[in-house]
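# Remarks on the overall topology
The lines below spell out each chain.
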Amino acid sequence: MSLLPGQMMQMPLLISSLITHAARHSGDVEIVSRRVEGDLHRYTWAEAELRARKLAQALARLGCQAGDRVGTLAWNGYRHLEIYYGTSGSGLLCHTVNPRLFPQQIAWIINDAADRILCFDLNLLPLVEQIAADCRTVQHFVLLAGRAQLPDQTTIPGLLCYEDMVAAEDGDMTWPTFDETTAAGICYTSGTTGDPKGAVYSHRSTVLHSYAAAMPDAMNLSARDVVLPVVPMFHVNAWGLPYATAMVGCKVVFPGPHLDGKSLYELFEAEQVTFSAGVPTVWMGLLAHMQTHQLKFSSFRCTVIGGAACPASMIDTLVDDFGVEVIHAWGMTELSPLGTLSRLRGKHLGLPKDEQRRLMAKQGKAPYGIDLRIVDGAGAPLPWDGKAAGELMVKGHWVISDYFRTPKSPLQDGWFPTGDVATIDGDGFMQITDRSKDVIKSGGEWISSIALENLAVGHPAVQQAAVISVAHPQWGERPLLTVVLKPGAAVTREALLAFYEGKVPNWQVPNDVIFLPELPQTATGKIQKLRLREAFRNHQWSQPG
Ligand code: AMP
């Protein structure tokens, strides 16, 4: 076949082009940040772009070279945004790390990614002091603060001050041009078993994801919006908002570390926020605060809720009581993260309200750039009839093909297996019905059931342990520990739970223990989690909080 070549410019899709565009076309639009120091910081996209260039110069001065990883332990704020662009824009990788993980796990992730630099927020200084000696690859630790906030004494060797680094540069550099498939960032997922795995995003995947995220039937972002990403910048790049907001050139409000209802509400009102995104637990806190104090929003029009299933009652409350449109979305770290969004089509607008709500509570439709399918146990595709449930498989421009430093590709027949079980209806609305991966999602954060089981069997009285996920009114899901004791052994619920103290973060400790004479097993001796989950589906938590 002799094809006729197109005659269009070939420009690589680079992350630097997003902030360059924002600086040039929306240079006076504000970025407002609640700082860890407590005050509000305000500047513009033009200033953000200049400081990102200065940061790129400073990182090069520290010896960073193309492909090096720069780790962050930071909340949502303007300095974190500058690191996003200063690193990726200059050919480095931005590696966001979740500060809520257990310190040893954080150090493990930093070592696995071989971060050369670690930048962190002021209130995370004690955490970094605890892990610094274990971070073998980190050559420089950078405190995201001004000179005045630098501690008089610290155990961190040669601690650098971010503001000094930026101030020492003139910004006289142009963003380099390179292949769009170059790695831009890395984010670890805890996955189903053992150690976390790194998803490595490219410039191309990130820019295409931003396009998709901003589209009208996705997040529907525009330059008229004021966007407050509640979802942390260490959770899959705040779902792409730091990039998509630059693309549309809108005002951004970063909430810093305090995500309680009162702090969020005050910021929403003071900055006239129109759009936000976060996990269900965050909205629960905000709505509870507003209901208690009989408050209303004056500008908020729409929010994306995802990361965990959004309860139908939350959609009702936000839409009916507060006039806020809800876009229920599903995604994964491995998908950058956007996979589907639930937005009604024209033909649905005439449906009765409860039918519309039933669709809105589904995880939704794939945007252009993502393809979905569900398969049976043998890998054969299942029909899109809203009834057949099978493992959800995805492919697309912003789906990983491999995990960092993992030789075996996770793909099956070119599709990424999500570990979620779903139905898809005739209109393409996907609904998650179960999960085949063995993890618990509490308040949007993963808890590894295997890690909790391994610890439990370390207790001298425990013979067998299985941890399952059970629905919880506040956290979505919480871990329930089921155990079989050794013959003649005795231990109380309290003593077993206390056994976890200091071994996992407090929020990962199971909420309850069930003592059983035996655990249900398969023919091959594997514990049947499905049967356990069914048996305790309606477990009443002794402490609902
Ligand atoms: P993560 O990689 O931490 O973003 O987690 C991705 C996983 O979170 C998915 O595979 C689902 O199991 C779960 N998840 C994300 N969004 C939703 C949602 N809207 N409804 C149900 N589960 C979700």
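Here we take up the overall build of the protein chain. Regarding its fold elements, the protein chain presents 16 helices and 24 strands. Its C-alpha radius of gyration of 24 Å places the protein chain within 12% of the 24 Å reference for a compact globule of 545 residues. If you line up the protein chain on its principal axes, its C-alpha atoms span 70 × 65 × 65 Å. In the protein chain, which comprises 545 residues, the share counted as buried stands at 57%. The long-range fraction of contacts in the protein chain, counting pairs at least 24 apart against all pairs at least 6 apart in sequence, stands at 66%.

Let's shift gears to the nonpolar core. Grouped together as the largest cluster of nonpolar side chains are 112 residues, with contacts concentrated most on Trp45, Tyr85, Met219, Phe268 and Phe297. Of all the elements, helix H2 (residues 45-61) adds the most residues to this core, at seven residues. Apart from residues lying up to four places away in sequence, Phe297 is in contact with Tyr265, Phe268, Glu269, Leu286, Met290, Phe322 and Val324.

To continue, consider the site of the ligand. By nearness alone, 15 residues border the ligand, and Ala329, Thr333, Asp420, Lys437 and Trp446 come closest of all. With respect to the ligand, the backbone of Ala308 contributes an N or O atom lying 3.4 Å from a nitrogen atom. Asp420 is positioned such that a nitrogen or oxygen atom in its side chain is 2.5 Å from an oxygen atom of the ligand. Coverage of the ligand by the protein amounts to 93% of the 490 Å² it exposes when considered alone. It is strand S14 (residues 325-331) that provides the largest number of residues to the shell around the ligand, a total of four residues. Split into classes, the residues belonging to the shell around the ligand amount to six nonpolar, five polar and four charged.

Bringing the sheet that holds strand S12 (residues 275-278) into the picture now. To summarise the sheet geometry, strands pair through backbone hydrogen bonds and adopt either a parallel or an antiparallel arrangement. Strand order in the open sheet made by the eight strands is S2-S1-S11-S10-S12-S13-S14-S15, with mixed pairing throughout. Sheet topology places strand S2 (40-44) and strand S15 (338-342) at the edges, where each strand pairs with a single neighbour. On average, each strand axis in the sheet is tilted by 20° relative to the strand beside it, whichever way the strands run. Inspection of the sheet shows S12 paired to strand S13 (residues 302-306) by four bridges, in the parallel sense. Within S13, the position partnered with Ala277 by the bridge is Val304. Packing of helix H9 (residues 241-248) onto the sheet brings it into contact with strand S10 (226-229), strand S11 (251-254) and S12, and relative to S10 it is tilted by some 170°.

Attention now moves to the sheet that holds strand S22 (residues 462-472). Strands sit in the order S22-S23-S24 across an open sheet of three strands; the sheet is mixed. Both outer strands of the open sheet, S22 and strand S24 (512-515), are each paired with one neighbouring strand and no more. Here the average twist between neighbouring strands, direction ignored, is 30°. Where S22 meets strand S23 (residues 476-485), ten bridges bridge the pair, whose relative direction is antiparallel. Its bridge partner lying in S23, Val467 is registered against Leu481.

This part is about empty space enclosed by the protein. For the structure shown, the criterion picks out four cavities of 30 Å³ or more. Put simply, the largest cavity is a space of about 130 Å³. If you go around the largest cavity, you meet 15 residues; those closest to its centre are Arg35, Val36, Gly77, Tyr78 and Asp121. For the lining of the largest cavity, the element with the highest residue contribution is helix H3 (residues 78-89), accounting for three residues. In terms of residue class, the lining of the largest cavity is made up of five nonpolar, five polar and five charged.

Once that is clear, we can look at the domain arrangement of the protein chain. As assigned here, the protein chain comprises domain 1 (12-219 + 235-247) and domain 2 (438-535). Relative placement of domain 1 and domain 2: their C-alpha centres are 36 Å apart. Listed by partner, the interface residues are nine residues for domain 1 and eleven residues for domain 2. Linking domain 1 with domain 2 are one salt bridge, by the criterion used here. One salt bridge connects Arg100 with Glu445, and the closest N-O pair in it is separated by 2.6 Å. Here domain 1 and domain 2 share three residue pairs in polar contact (both at pLDDT 80 or more) between them. The residue makeup of the side of domain 1 that touches domain 2, split by class, is two nonpolar, six polar and one charged.

Criteria and cut-off values
Residues numbered from 1 in each chain as written. Predicted model: local features only at pLDDT ≥ 70, side-chain atom pairs only at ≥ 80, totals over all residues. Heavy atoms only, no water. Helix = DSSP H or I, 4+ residues; strand = E, 2+ residues; numbered from the N terminus. Rg over C-alpha atoms; globule rule 2.2 N^0.38 Å. Buried < 20%, exposed > 50% of the residue type's maximum accessible area, 1.4 Å probe, protein only. Contact = heavy atoms within 4.5 Å. Core = buried A, V, L, I, M, F, W, Y, C linked by side-chain atoms within 4.5 Å. Near = heavy atom within 4 Å. Polar contact = N/O pair within 3.5 Å; in protein donor to acceptor, adjacent residues only side chain to side chain. Areas by Shrake-Rupley, 256 points an atom, 1.4 Å probe, with all protein chains shown as cover. Nonpolar A, V, L, I, M, F, W, Y, C, P; charged D, E, K, R; others polar. Pairing = 2+ DSSP bridges. Axes fitted to C-alpha atoms, helices over the stretch in contact; angles between N-to-C directions. 1 Å grid on protein atoms, 1.4 Å probe; cavity = no way out; pocket = protein on both sides within 12 Å on 5 of 7 lines; lining within 4 Å. Points joined across faces, edges and corners; volume = space filled by probe spheres on them. Domains from an automatic or database assignment. Salt bridge = Lys/Arg side-chain N within 4 Å of Asp/Glu carboxyl O.

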